[in-house]
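A look at the structure
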Amino acid sequence: QVPLAESGGGLVQVGASLNLSCVASTRALNLAHMAWFRQAPGKDREFVAAISSSGRLTYYADFGKGRFTISRDNANIIMYLQMNSLEPEDTAVYSCAAGNPSWSKVDWRDEYPYWGQGTQVTVTV
């Protein structure tokens, strides 16, 4: 069973908003840091945002600061990524991940053992 499942992607126009969700299959992941990564065609998977297990700490890639907001609901083991002012460069498959990296390594994809299958986000002009 895939431990994480994303939803909320879609085809939108420039400037639109999307709210991605990531549902965990086990409450054990409430103890984990969680993160969003994305992969555009022909490019490596890159870090988007991370949130600590408690939800008190967040960290964003520069391109997401001021536009993206990561949050989590531990009662329902769901993580969210609110994305505003979307640009064509945001087009990618967005995947959520869970693990226990040190906070200094929350943007390292190899630190996360649990992944979802991804949801496609396409932004058109």
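The preceding data block contains the structure.
About the criteria used
- Residues numbered from 1 in each chain as written.
- Predicted model: local features only at pLDDT ≥ 70, side-chain atom pairs only at ≥ 80, totals over all residues.
- Heavy atoms only, no water.
- Helix = DSSP H or I, 4+ residues; strand = E, 2+ residues; numbered from the N terminus.
- Rg over C-alpha atoms; globule rule 2.2 N^0.38 Å.
- Core = buried A, V, L, I, M, F, W, Y, C linked by side-chain atoms within 4.5 Å.
- Buried < 20%, exposed > 50% of the residue type's maximum accessible area, 1.4 Å probe, protein only.
- Contact = heavy atoms within 4.5 Å.
- Salt bridge = Lys/Arg side-chain N within 4 Å of Asp/Glu carboxyl O.
- Polar contact = N/O pair within 3.5 Å; in protein donor to acceptor, adjacent residues only side chain to side chain.

Turning our attention to the overall build of the chain. Each helix and strand in the chain was counted, giving zero helices and 11 strands. Walking the chain from its N terminus toward its C terminus, one meets helices and strands in the order β-β-β-β-β-β-β-β-β-β-β. In terms of overall size, the chain behaves like a compact globule, its C-alpha atoms giving a radius of gyration of 13 Å where 125 residues would be expected to give roughly 14 Å. Structurally, the chain occupies a C-alpha span of about 40 × 25 × 25 Å along its principal axes.

Core analysis: the largest hydrophobic core is formed by 28 residues, its most contacted members being Trp-36, Leu-81, Met-83 and Tyr-94. Counting nine residues, the second-largest nonpolar core is a separate cluster that includes Phe-47, Ala-61, Ala-97 and Val-106.

What follows deals with the environment of Ala-40. Tracing the chain through its elements places Ala-40 in the loop between strand E4 (33-39) and strand E5 (46-51). By relative accessible area, which is 18% here, Ala-40 ends up buried. With 18 residues separating them along the chain, Ala-40 and Cys-22 place their C-alpha atoms 19 Å apart. Here Ala-40 is in contact with Thr-91 and Ala-92, once residues within four sequence places are set aside.

A word on the pattern of salt bridges. What the rule picks out here adds up to four salt bridges. Ionic pairing is found between Lys-65 and Asp-62, a salt bridge with its closest N-O pair at 3.1 Å. Put simply, Arg-67 and Asp-90 hold a salt bridge, and the shortest N to O gap is 2.8 Å. Here Asp-90 lies in the loop between strand E8 (78-83) and strand E9 (92-99) and Arg-67 lies in the loop between strand E6 (58-60) and strand E7 (68-73), a separation of 23 residues in the sequence. Several salt bridges share partner residues, and in doing so they unite Arg-38, Glu-46, Arg-67 and Asp-90 into one network.

What follows concerns the side chain of His-33. The topology assignment puts His-33 in strand E4. Side-chain polar atoms of His-33 contact the backbone nitrogen of Ser-53, separated by 3.1 Å. Contacts of His-33, omitting those with residues within four sequence positions, involve Ile-51, Ser-52, Ser-53, Arg-72, Ala-97, Ala-98, Gly-99, Asn-100, Pro-101, Trp-103, Val-106 and Tyr-112.

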